[in-house]
Amino acid sequence: MNSKVLFLLIGLVVGGLAGWLTRPEAAEVSFLGLKVEVQGDQAAAPGDKTLTTGQAQHVGVCALIGALLGFGVGFMADRRRA
């Protein structure tokens, strides 16, 4: 497997895990068809399995950053080999 792809996948998984573990504490309230999301400044409890929209965006951004960093590391590793 190409080292760029390998490090990209590793970065994606590590970034997603980091995003999941650091997602902000949030509550979503639905009232008369209006959804209101409130986020705190602390990490959510590990036992909380539900994701609000803001938390999903947080996890996605962290996974994307991890994937970009992993791709960069894979690119550098590929250049060193050549």
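Predicted, not measured: the structure shown is a model, and the values here were computed from it. (Residues numbered from 1 in each chain as written. Predicted model: local features only at pLDDT ≥ 70, side-chain atom pairs only at ≥ 80, totals over all residues. Heavy atoms only, no water.)

For the protein, the helix and strand inventory stands at 2 helices and 2 strands. Going from N to C terminus, the protein has its helices and strands arranged as α-β-β-α. Overall size of the protein, expressed as C-alpha extent along the three principal axes, is 60 × 25 × 20 Å. A sequence separation of at least 24 residues applies to 60% of the contacts in the protein between residues at least 6 apart. Of the roughly 6,000 Å² that the protein leaves accessible, carbon and sulfur atoms contribute 69%. Treating the 7 positive side-chain charges of the protein as one cloud and the 6 negative ones as another, the clouds have centres 18 Å apart. (Helix = DSSP H or I, 4+ residues; strand = E, 2+ residues; numbered from the N terminus. Contact = heavy atoms within 4.5 Å. Areas by Shrake-Rupley, 256 points an atom, 1.4 Å probe, with all protein chains shown as cover. Lys, Arg positive; Asp, Glu negative; His and termini not counted. Charge placed at Lys NZ, Arg CZ, Asp CG, Glu CD.)

With that settled, the discussion passes to the pairing of strand S1 (residues 24-31). As judged from the 7 bridges shared by S1 and strand S2 (residues 34-43), these two strands associate in the antiparallel manner. If you follow Ala26 over to S2, its bridge partner there is Gln39. Here S1 folds back onto S2 in antiparallel fashion, the turn holding 2 residues, of which Leu32 has a positive phi close to 55°. (Pairing = 2+ DSSP bridges.)

All right, on to helix H2 (residues 53-81) then. Between its first and last C-alpha, H2 extends 42 Å over 29 residues, near the 42 Å set by a 1.5 Å rise per residue. Among the residues making up H2, those that are buried are Gly54, Gln55, Val59, Ala63, Gly66, Ala67, Gly70 and Gly74. Looking at the buried side of H2, the elements it contacts are helix H1 (3-21), S1 and S2. (Expected span 1.5 Å × (residues − 1). Buried < 20%, exposed > 50% of the residue type's maximum accessible area, 1.4 Å probe, protein only.)

With that out of the way, let us pick up the UniProt feature "transmembrane region" (unreviewed entry) in the protein. Listed under "transmembrane region" (unreviewed entry) in the UniProt record, and renumbered for this structure, are residues 56-77. Along residues 56-77 the backbone is 100% helical and 0% strand, and the end-to-end C-alpha distance reaches 31 Å. (UniProt positions renumbered as here; feature names shortened; annotations may be inferred.)

Evaluated as defined, the whole model comprises 0 aromatic pairs. It is Arg23 that lies over the ring of Trp20; its NZ or CZ is 3.9 Å from the centre. (Phe/Tyr/Trp six-rings, centres within 6.5 Å; stacked < 30°, edge-to-face > 60°. Lys NZ or Arg CZ within 6 Å of the ring centre and 35° of its normal.)

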